[in-house]
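# Examining the three-dimensional arrangement
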Protein chains: 2
Amino acid sequence: MTEATRRERLRVETERDIRRQARALLVEHGRDAVTLRAIAREVGITAPALYRYYDSREDLLRRLAEDVCTDLAAELDADLSRIDEDDVSAQVYAVCRGFRRWALAHPQEFTLVFASTEDTLGSCGPNGDRSQVGDQFGRVFLEVAGRLIASHPLPDDLGDDDVPEELHADLAAFQQILLATVNDRGVAVDGTVLPLGAVYHITQSWVRIYGHVALEVFGRFPFAVSNPEPMFDSMLAQILGEMGF
Amino acid sequence: MTEATRRERLRVETERDIRRQARALLVEHGRDAVTLRAIAREVGITAPALYRYYDSREDLLRRLAEDVCTDLAAELDADLSRIDEDDVSAQVYAVCRGFRRWALAHPQEFTLVFASTEDTLGSCGPNGDRSQVGDQFGRVFLEVAGRLIASHPLPDDLGDDDVPEELHADLAAFQQILLATVNDRGVAVDGTVLPLGAVYHITQSWVRIYGHVALEVFGRFPFAVSNPEPMFDSMLAQILGEMGF
DNA sequence: CAACTACGTAAACACCGTTCACTGACTCGT
DNA sequence: ACGAGTCAGTGAACGGTGTTTACGTAGTTG
């Protein structure tokens, strides 16, 4: 049956335990409380044993961040699956609201993944591959952005006119990624349906969505917002409106 | 001459020393490196002595955050003073660019002040007075927003139409603060010149500016942006354009 | 000059990350 | 089946941390 040896089975089980307890500490008491000794105490082993699984506390936190991303992506996927496949607008709403709700419900995890300097969290491989941490979440983001593009003729007013020249190269690279995502969904499109202006607009939308969520999580709005939800929704409506919805 | 007694003079000097060394540790090695013992070592005293000045490490970090805000505000004020008083557009550019430049140059300080959960940084007094930390910075933000309003007839397309009802009360409160700021500058205005739609737009502008800066500091753009500066400037141009500049 | 205030200290406690030598159970080739 | 090898886990140790406590002592004040 099980190919794995007993030792290997025990190892993966212990590792799962470690991650689960570390996650609980993060959620309940914040990053600083994610202590090797505290984790070990919860799991029922001693702190040095953790070095059989991770190079250091930082390494563990890095993996934890990846887990968080994976779970967030799964949650957003679940939200997405409950929406009519043809209603792209509702899909965007679902994912964005899901992201906001998740961030507010898990501020510590949000802070770890979305508000940590790169050198703190590392994740910068030798070949300069950035944002490994956000990979899973990036997948969902791309997924939705891809659906949005594939299933909707973009309005003409998203011309490439006011896109700064210096961004053309970067945006073109992102455009290729987006198009590849769309094509992976079985929809054949080319660059003509996704002008750089639209790519730029998607990026700007991420800036606004992230900005609102982070400001809300960190409580840094310029005035007390007693009910930020309609503000978020209204922003989403405006973003979608600018894309022709 | 000096009203203060010798002890008092020594005390303020020591406190200044503590803050300076703590600040240096924060800038150079990050929040976790701001250690009572490390500070004490640099200052030339022992760790428990710090408890004569602060209730705890958290308390010290809170005060440090206020210092950071004050310095940021001073820096932005300096930037502002170099701009033609009548050129509001240039003033907005100066402050926003200054904010971005400061954040990129001082990521640890930015993280402490603008990306810390409120319970981590506290600053929530008993009477629920939030965002004490950002007060000084908020002053500058309000200052510029006030100038922007006072010196420029806002376009009509910033109607209150698409402002969610639920936000009216909060926005009205912010509107009063903005108007008070403007009036403090000697310009008499009333609510007619600053519709809620404009207040809303100012808030949305903060969302975008903050979002961009934070994404850049934390490296969480959906793709590698080799040169984010034109992106930021183009965003500012769009924000100003929407306000009729 | 005596009484008092308060800054700073040393010692101690309970934590922390990390290293190291070591044990003992599991695995595998013969 | 058994010996050799692997490796998860341990306990002790080192140097670091925040914080409390009792205490000395310099500065202040009557």
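Bear in mind the structure is a predicted one, so any value in this text is a computation, not a measurement.

## Looking at the nonpolar core
Counting 160 residues, the largest nonpolar core has Phe99, Phe110 and Phe114 of chain A together with Phe99, Phe110 and Phe114 of chain B as the members making the most contacts within it. Contact partners of Phe110 of chain B, with chain neighbours within four places excluded, come to Phe99, Trp102, Ala103, Ala115, Tyr210, Val213, Ala214, Val217 and Phe218 of chain B.

## Digging into the interface of chain B and chain A
Contacts between the two partners involve 48 residues from chain B, matched on the other side by 48 residues from chain A. Where chain B abuts chain A, roughly 4,400 Å² becomes buried across the two surfaces, and 60% of that area is made up of carbon and sulfur atoms. At the boundary of chain B with chain A, the tally comes to zero salt bridges. Elements with a contribution of two residues or more to the side of chain B that touches chain A: α5 (107-114), α6 (118-121), α8 (168-184), α9 (196-218) and α10 (228-242) of chain B. Looking at which element gives the most residues to the side of chain B that touches chain A, the answer is α9 of chain B, with 13 residues.

## Points about the relation of the copies chain B and chain A
Of the transformation placing chain B onto chain A, the axial shift is 0.0 Å and the rotation is 180°, giving an RMSD of 0.1 Å. On the angle and the small slide along the axis, the relation comes out as a two-fold axis. Among all C-alpha atoms of chain B, that of Gly211 of chain B lies closest to the rotation axis, at 1.8 Å. The overlap is high: 100% of the interface residues of chain B also sit at the interface in chain A, so the same surface is used on both sides.

## Considerations on helix α3 (residues 57-81) of chain B
All names here are of chain B. If you check α3, its first and last C-alpha atoms are 36 Å apart, about what 25 residues at 1.5 Å a residue would give, namely 36 Å. Of all the positions in α3, only Asp59, Leu60, Leu61, Leu64, Ala65, Val68, Cys69, Leu72, Ala73, Leu76, Asp79 and Leu80 are classed as buried. Against the buried residues of α3 lie α1 (6-29), α2 (36-43), α4 (88-105), α5, α6 and α7 (135-150).

## Section: the UniProt feature "domain: HTH tetR-type" (unreviewed entry) in chain A
Under the UniProt annotation, the feature "domain: HTH tetR-type" (unreviewed entry) is placed at residues 12-72 of chain A. For residues 12-72 of chain A, helix accounts for 69% and strand for 0%, while the C-alpha atoms at its two ends are 22 Å apart.

## Considering the packing of α3 of chain B against α5 of chain B
When two helices pack together, their arrangement is captured by the angle between the axes and the distance separating the axes. All names here are of chain B. With their axes 10 Å apart at the nearest point, α3 and α5 run at an angle of 110° to one another. Overall, the two elements α3 and α5 adopt an arrangement that is roughly perpendicular. The two elements α3 and α5 cross, and the hand of that crossing is left-handed. Counting all contacts with α3, which are made through Leu61, Ala65, Val68, Cys69 and Leu72, the residues of α5 involved are Glu109, Leu112, Val113 and Phe114.

## Some points on the protein's contact with DNA strand C
In the vicinity of DNA strand C lie 23 residues, with Thr5, Arg37 and Arg41 of chain A together with Thr46 and Arg52 of chain B positioned nearest. Contact between DNA strand C and Arg52 of chain B: a base oxygen at 2.4 Å from a side-chain N or O atom of the residue. Those elements giving two or more residues to the surface near DNA strand C turn out to be α1 (6-29) and α2 (36-43) of chain A together with α1 of chain B. In terms of residue count, the dominant contributor to the surface near DNA strand C is α2 of chain A (four residues). Partitioned by chemical class, the residues of the surface near DNA strand C number nine nonpolar, five polar and nine charged.

So, how was this worked out
Residues numbered from 1 in each chain as written. Chains lettered and ligands numbered in written order. Predicted model: local features only at pLDDT ≥ 70, side-chain atom pairs only at ≥ 80, totals over all residues. Heavy atoms only, no water. Core = buried A, V, L, I, M, F, W, Y, C linked by side-chain atoms within 4.5 Å. Buried < 20%, exposed > 50% of the residue type's maximum accessible area, 1.4 Å probe, protein only. Contact = heavy atoms within 4.5 Å. Buried area = accessible area lost by both parts, 1.4 Å probe. Salt bridge = Lys/Arg side-chain N within 4 Å of Asp/Glu carboxyl O. Helix = DSSP H or I, 4+ residues; strand = E, 2+ residues; numbered from the N terminus. Least-squares fit on C-alpha atoms with pLDDT ≥ 70 in both. Expected span 1.5 Å × (residues − 1). UniProt positions renumbered as here; feature names shortened; annotations may be inferred. Axes fitted to C-alpha atoms, helices over the stretch in contact; angles between N-to-C directions. Parallel < 35°, antiparallel > 145°, perpendicular 65-115°, else oblique. Left-handed = near helix turned anticlockwise from the far one by under 90°. Near = heavy atom within 4 Å. Polar contact = N/O pair within 3.5 Å; in protein donor to acceptor, adjacent residues only side chain to side chain. Nonpolar A, V, L, I, M, F, W, Y, C, P; charged D, E, K, R; others polar.

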